[in-house]
Amino acid sequence: MENELKIPSHVGIIVDGNGRWAKARELSRSKGHEFGFQNLQKLTTYMYRKGIKYISAYLFSTENFKRSDNEVNFIMNNLLVGRLKEILEFCHKEQIKALFSGRHEKLSAKVLKAMDQIETETKDYRERIFNICFNYGSHAEIVDATKKIVEDVQSGKLKINDLDEKIFSKYLYQQLPPVDLLIRTSGEQRISNFMLWQCSYAEFYFPKTLFPDFKAEDFDEALIEYTKRDRRFGGISYENESN
Ligand code: FPP
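Let us look at the structure shown here. What you see as residue numbers is a count from 1 along each chain, following the sequence as written. Where local features are concerned, this predicted model is filtered to residues with pLDDT of at least 70; where side-chain atom pairs are given and counted, the filter is 80 or more; whole-chain, interface and lining totals use all residues. Values shown for side chains rest on all heavy atoms present in the structure; no hydrogens or waters enter the calculation.

Some thoughts on the sheet that holds strand β3 (residues 96-101)
Item 1. Strand pairing requires that DSSP identify at least two bridges connecting the strands. Helix numbers and strand numbers start at the N terminus; a helix is a DSSP run of H or I with at least 4 residues, a strand a run of E with at least 2. Here six strands make up an open sheet; going across it, the order is β3-β4-β2-β1-β5-β6 and the pairing parallel. Only two strands of the sheet have a single partner each, and these edge strands are β3 and β6 (203-205). The sheet shows a mean angle of 20° between the axes of neighbouring strands, direction not considered.
Item 2. Pairing geometry for strand β1 (residues 10-14) and strand β2 (residues 54-61), over five bridges, is parallel. When the sheet's bridge partners are listed, Val 11 is paired in β2 with Ile 55. Here an angle of 0 to 180 degrees is reported between the N-to-C directions of two axes, which are lines fitted to C-alpha atoms, with helices fitted over the stretch in contact.

So, in structure tokens, the structure goes:
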């Protein structure tokens, strides 16, 4: 079976269920994120070893600012800024190039500095790309791309008739291939403003497992399911062709 597994190039993960995982154990929501953070390192290590090249993880949406100050501060200051050394060590050990996608508005100077340091220190790694969607929303990304396109058209850098899907995608936050497999943990079956452009032909997988419990063997299950999918990209598959 192992030899026959199809390995996606780009996997998107909507990290979900940290809060419910913590609640079930009478822990604070922040503790759930702490366990989620630890699990993310183990899971991505395993995924890269399986041959995945690109991972995009939704770690903080533009809408997550609606949460309590306590929870937002924990993710920003205790995890991202407070664990900067651990994150850098992890990226260097696994040779991961980390990128951040999202708007900078509303992020503190400390958070922006940590993000910049992670991107700068890991910029030369080529084989494993970790796209961290942070203060990210796909509508915002498309609006931001459109604004840059309008600026380039107004300044004469881009001709309106040259604009097509390929050129449009060059204005998105990152130059990454499309998402092949999108996993959202915790049983929710929605995309919640995550990489709408990039997921246009992604296979969706919605395991019930809460993120801190989503381990290597759960990812193997996702790969088995992905391997069974017939990806036609709007065409027809040879197996089903009749005339
Ligand atoms: C969703 O679960 C999870 C988040 C909004 C935060 C995820 C963040 C991390 C795993 C770590 C962040 C690390 C870095 C380096 C920035 P939820 O809270 O929506 O769960 P629930 O639906 O059960 O409440």
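Remarks on the site of the ligand
Item 1. Near is defined per residue: the residue qualifies when any heavy atom it owns lies within 4 Å of the molecule or strand. Taken together, 18 residues lie near the ligand, and Asp 16, Gly 19, Arg 20, Arg 29 and Arg 67 sit nearest.
Item 2. Contacts described as polar in this section are N or O atom pairs within 3.5 Å, which, within protein, must combine one atom able to donate a hydrogen with one able to accept it, while residues neighboring in sequence count only if both atoms come from side chains. Within the contact set of the ligand, an oxygen atom lies 3.2 Å away from a backbone nitrogen or oxygen of Gly 17.
Item 3. One of the side-chain nitrogen or oxygen atoms of Arg 29 is found 2.8 Å away from an oxygen atom of the ligand.
Item 4. In short, Shrake-Rupley with a 1.4 Å probe defines the accessible areas, and a residue's cover is counted only from the protein chains shown. A total of 630 Å² of accessible area belongs to the ligand in isolation, and the protein chains cover 92% of it.
Item 5. Using a 1 Å grid laid over the protein atoms alone, points where a 1.4 Å probe fits but cannot get out form a cavity; open sets with protein on both sides within 12 Å along at least 5 of 7 lines form a pocket; any residue with an atom within 4 Å of a point counts as lining. More than half of a molecule's atoms lying within 2 Å of a cavity's or pocket's grid points is what places that molecule inside it. When atoms are counted within 2 Å of each cavity's grid points, the one that captures over half of the ligand is the largest pocket.
Item 6. Among the secondary structure elements, those contributing two or more residues to the shell around the ligand are α1 (18-24), α2 (29-49) and α3 (69-81).
Item 7. Following the grouping adopted for this structure description, the nonpolar residues are Ala, Val, Leu, Ile, Met, Phe, Trp, Tyr, Cys and Pro, the charged ones are Asp, Glu, Lys and Arg, and the polar ones are all others, Gly among them. Residue composition of the shell around the ligand, by class: seven nonpolar, six polar and five charged.

What about the side chain of Ser 138?
Item 1. For Ser 138, the location among the structural elements is in helix α6 (residues 138-154).
Item 2. For Ser 138, a relative accessible area of 1% translates into the label buried.
Item 3. For Ser 138, the side chain forms a polar contact with the main-chain nitrogen of Leu 196, separated by 2.8 Å.
Item 4. Ignoring sequence-local partners within four residues, the contact set of Ser 138 consists of Asn 193, Phe 194, Met 195, Leu 196 and Trp 197. We call a residue buried when its accessible area falls under 20% of the maximum for its residue type, exposed when it is over 50%, and partly exposed in between, using a 1.4 Å probe and counting protein chains only. Here, residues are in contact when the closest pair of their heavy atoms is within 4.5 Å.

Some details on the packing of aromatic side chains
Item 1. Working definition: a ring pair exists when centres of Phe, Tyr or Trp rings (six-membered ring for Trp) sit within 6.5 Å. Plane angles under 30 degrees give stacked, over 60 give edge-to-face, the rest tilted. Within this structure, the stated rule accounts for eleven aromatic pairs.
Item 2. Seen from their ring centres, Phe 60 and Phe 65 are 5.0 Å apart, and the 75° between their planes marks the pair as edge-to-face.
Item 3. Taking relative accessible area as the criterion, Phe 65 reaches 24% and is therefore assigned partly exposed.
Item 4. Between Phe 60 and Phe 134 the ring centres are 5.5 Å apart and the planes differ by 40°, which places this aromatic pair in the tilted class. Taken together, the residues Phe 60 in strand β2 and Phe 134 in strand β4 (residues 128-136) connect sequence positions 74 residues apart. The pair Phe 60 / Phe 134 is uniform in exposure class, with both members buried.
Item 5. Aromatic ring contacts, followed pair by pair, group Tyr 58, Tyr 136, Tyr 173 and Phe 194 into a single cluster.

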